[in-house]
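Chain by chain, the residues:
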Amino acid sequence: MENKIRDFADKCQKIISEIQKDLVGQDEVVRDTVTAMIAGGNVLLEGVPGVGKTRLVRSLGQAFDLPFSRIQFTPDLMPADVTGTNVLETYPDGRSAIVFKKGPIFSSIVLADEINRATPKTQSALLEAMQEHKVTVSGESYTLSEPFFVLATQNPIEQDGTYPLPEAQTDRFMFKLNVEFPTADELYDIVAMTQKTMDETAAAVVSAEELLDMRACAKEIPIMEPIMRYTMRLVCATHPELSSSPECTKKYLRFGASPRAAQALITASKVRALMNGRYNVAYEDVEALAFPVLRHRVKPSYAAISDKLTADDCIRELVKSVPKK
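Let us look at the structure shown here.

What counts, and where the lines are drawn
- Sequence order as written defines residue numbering, which begins from 1 separately in each chain.
- Only residues with pLDDT of at least 70 get local features here, since the model is predicted, and only at 80 or more are side-chain atom pairs given and counted; chain-wide, interface and lining totals rely on the full set of residues.
- The basis for every side-chain value is the complete set of non-hydrogen atoms in the structure, without hydrogens or water.
- Lines are fitted to the C-alpha atoms to define the axes, a helix being fitted only along its stretch in contact, and any angle between axes, read from their N-to-C directions, falls within 0 to 180 degrees.
- Secondary structure elements follow DSSP: runs of H or I of four or more residues count as helices, runs of E of two or more count as strands, with numbering from the N terminus.
- For this classification, under 35 degrees means roughly parallel, over 145 means roughly antiparallel, 65 to 115 means roughly perpendicular, and everything else is oblique.
- Throughout, a crossing is termed right-handed when the near helix is turned clockwise from the far one, and left-handed when it is turned anticlockwise from it by less than a right angle.
- Any two residues whose heavy atoms approach within 4.5 Å are treated as being in contact.
- In this classification, Asp, Glu, Lys and Arg are treated as charged, Ala, Val, Leu, Ile, Met, Phe, Trp, Tyr, Cys and Pro as nonpolar, and every other residue, Gly included, as polar.
- Counted as a polar contact is a pair of N or O atoms within 3.5 Å, where, for protein atoms, one must be capable of donating a hydrogen and the other of accepting one, and residues adjacent in sequence contribute only when both atoms are in side chains.
- Remark: exposure states derive from per-residue accessible area (1.4 Å probe, protein chains only) relative to the maximum for the residue type, with buried under 20%, exposed over 50%, and partly exposed in between.
- Working convention for charge: Lys and Arg count positive, Asp and Glu count negative, and His plus the chain ends are omitted.
- Think of a salt bridge as a Lys or Arg side-chain nitrogen and an Asp or Glu carboxyl oxygen that are within 4 Å of each other.
- Pairing of aromatic side chains requires ring centres within 6.5 Å, counting the rings of Phe and Tyr and the six-membered ring of Trp. Pairs whose planes differ by under 30 degrees are stacked, by over 60 edge-to-face, and all others tilted.
- Residues enter a nonpolar core if they are buried and are Ala, Val, Leu, Ile, Met, Phe, Trp, Tyr or Cys, with the set joined through side-chain atoms within 4.5 Å.
- Each helix should span, by expectation, one fewer than its residue count multiplied by 1.5 Å.
- A 1.4 Å probe that fits but cannot get out identifies a cavity on a 1 Å grid over protein atoms alone, an open set with protein on both sides within 12 Å along at least five of seven lines counts as a pocket, and a residue lines either if it has an atom within 4 Å of a point.
- Grid points are joined across faces, edges and corners, and a volume is the space filled by probe spheres set on the points.
- For two strands to pair, DSSP has to find at least two bridges joining them.

### Observations regarding the packing of helix 1 (residues 2–20) against helix 9 (residues 208–219)
Packing of helix 1 against helix 9 brings their axes to within 11 Å, and their N-to-C directions diverge by 130 degrees. Between helix 1 and helix 9, the angle is such that the two are oblique. With respect to the hand of their crossing, helix 1 and helix 9 are arranged in left-handed fashion. Counting all contacts with helix 1, which are made through Lys4, Phe8, Lys11 and Cys12, the residues of helix 9 involved are Glu210, Met214 and Cys217. Looking at the contact of helix 1 with helix 9 residue by residue, the class counts come to 4 nonpolar, no polar and 3 charged.

Put into C-alpha cells, the structure is as follows:
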C-alpha cells in the first residue's frame, strides 16, 4: 500500500509540474483543479480576462492525455450547438437517413468558456451531462465516455449581457476556484514566457485508464467517524434556519449548501490526503477544501455585503466556529 500511495503522490506532482510549465503562479488553483479532476468533479473558474483560465484547461488536457473540446458560450448559442443534433444525411448510393451528429460535449475535458454569457436554455443543456454523464436528444440518451469533466470559466466583472448561473447548476460544480491577478514578478514571467511561444508545452503524464485507477484508489481511503461527523456538522452549519448553526451563519448567510457539498468534501479530501502521501483523511484536508467546495454553494446575506464580507470570509468564520468534537 505504501508503494501505491507513493506512486499516486508522484503522479500528481508530475501532473502539476507539467501544467506549471505553461502557467505562471496560480499554484493553489492548479492543485485544486487536479484534485477535482481525480475526484471526478467539475470545476468553475472565475477570474478577469487574461489570467490563464483557458490556458490552464488546455494544459490539463495535455497532461492528462485526454480529448479536449472548447465551447465559446455566446448569447446566440443554442443547446444543439452543445449536445449535437439529428441531421438528414444523404449517402453516395442515394439513400438518406437521419443520424445523430455529436456536439462538442462528447469529449473528456470540455471547456465551457464564459459560461455565463449563454442563455439559461443553453446553460441547462450542460446539467444532465455534468451530473449523469449522459446527453438526451429527441428522446434518445447517449452516454458520455469516461472520464468526463466540465471546466467552465466566467468573468466576475462584466454583468451586461450575461446570465448568472442558477443555483441548480452551480451546485453541480465540485469546486469554484478564484483565479487571481498575478503579481508584478509573475506578470514579468508570463510576458517573458509568451514571447517565446503561445503554445502549451505540457507533456502527457497520465492516461485515461490511469486516471480512473487513481480515482478508484482514492475511494478506498478510510475516513474516521469523527472527521466524517465534523464534515457533516460543517455543511449543516451553513444553514441559517437551523437552531444549531453558529451566530455568524445566522447573521451573514441567506441559505446554505446542499448535500452535494458534503459528498464533494469527503471525496476531494480523500484525493488530497493521497496527494500529500497520507492514507487517511485529516481535519486539515476538510478545512482546506471547505473554501472551493462551499464558496459557490452559500449565499452571503445583505448584512455580509454591508460589512464588506465575501463568501470566503463567511466560510473562514464558519470553520472557526464549528467544533471538531
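### Some details on the side chain of Lys270
Looking at the secondary structure, you find Lys270 in helix 12 (residues 259–275). Here the side chain of Lys270 touches Lys219 through a polar contact of 3.4 Å, landing on its backbone oxygen.

### So, the side chain of Arg215
Within the secondary structure, Arg215 is located in helix 9. As a buried residue without a salt bridge, Arg215 has its nearest oppositely charged side chain in Glu146, at a separation of 4.2 Å. Not counting the four nearest positions on each side in its chain, Arg215 is found in contact with Met37, Ile38, Ala39, Gly40, Glu146, Pro147 and Phe149.

### Details of the packing of aromatic side chains
Describing an aromatic ring pair means giving the distance of the ring centres and the angle of the ring planes. Taken as a whole and assessed by the stated rule, the structure comprises 3 aromatic pairs. Taking 4.2 Å as the distance between ring centres and 10 degrees as the angle between the ring planes, the aromatic pair formed by Phe100 and Tyr142 counts as stacked. In this pair, Phe100 sits in strand 4 (residues 96–102) while Tyr142 sits in strand 7 (residues 140–143), placing the two residues 42 residues apart along the sequence. Residue Phe100 is classed as buried on the basis of its relative accessible area of 18%. Note on Tyr142: relative accessible area 22%, which makes it partly exposed. Considering the side-chain rings of Tyr230 and Tyr283, the 5.4 Å spacing of their centres and the 80 degrees angle between planes classify their relative orientation as edge-to-face. With Tyr230 in helix 10 (residues 225–236) and Tyr283 in helix 13 (residues 283–294), this pair connects stretches of sequence that are 53 residues apart.

### Things to note about the nonpolar core
Within the largest apolar cluster, 66 residues are counted, with the highest numbers of intra-cluster contacts made by Phe8, Val34, Phe64 and Leu234. With 9 residues, the single largest contributor to this core is helix 12. Once residues lying within four places of it in the same chain are set aside, the contact partners of Phe8 are Ile38, Met214, Cys217, Val271, Leu274 and Met275. Residues Leu44, Ala112, Val150 and Phe173 belong to the second largest nonpolar core, which totals 22 residues.

### Brief notes about helix 13
Spanning 12 residues, helix 13 covers 16 Å between terminal C-alpha atoms, matching the ideal 16 Å at 1.5 Å per step. Most of helix 13 sits inside the fold, with 9 of its 12 residues counted as buried. Taken together, the buried positions of helix 13 are occupied by Tyr283, Asp285, Val286, Leu289, Ala290, Phe291, Pro292, Val293 and Leu294. Looking at the buried positions of helix 13, the neighbouring elements they touch are helix 2 (27–39), strand 9 (175–178), helix 10, helix 12 and helix 15 (311–321).

### Side note on the layout of surface pockets
One number sums up the size of the largest pocket: a volume of about 690 Å³. Glu46, Gln154, Lys176, Arg295 and Lys299 are the residues nearest the centre of the largest pocket, which is lined by 25 residues in total. Those elements that provide at least two residues to the lining of the largest pocket are strand 1 (43–46), helix 7 (167–170), strand 9, strand 11 (299–300) and helix 15. Taken together, the residues of the lining of the largest pocket sort by class into 9 nonpolar, 9 polar and 7 charged. Its boundaries defined by the atoms lining it, the second largest pocket holds a volume of some 360 Å³. What lines the second largest pocket is a set of 17 residues, among which Gly40, Gly41, Gln131, Arg172 and Met174 lie closest to the centre. Secondary structure elements with two or more residues in the lining of the second largest pocket: helix 6 (125–132) and helix 12. Of the residues forming the lining of the second largest pocket, the biggest block, 4 residues, is contributed by helix 12. In the lining of the second largest pocket, the residues fall into 5 nonpolar, 7 polar and 5 charged.

### Some remarks on the sheet that holds strand 2 (residues 68–72)
Strand order in the open sheet formed by 5 strands is 2-5-8-1-9, with parallel pairing between adjacent strands. Bordering the open sheet on either side are strand 2 and strand 9, each of which pairs with just one other strand. Strand-to-strand, the axes of this sheet are offset by a mean angle of 20 degrees, without reference to chain direction. Relative to strand 8 (residues 149–154), strand 1 runs parallel, the two being bridged by 4 bridges. Residue pairing for strand 8: Glu46 is matched across the bridge by Gln154. Contacting strand 1, strand 2, strand 5 (109–113) and strand 8, helix 3 (residues 53–63) runs over the sheet at an angle of about 170 degrees to strand 5.

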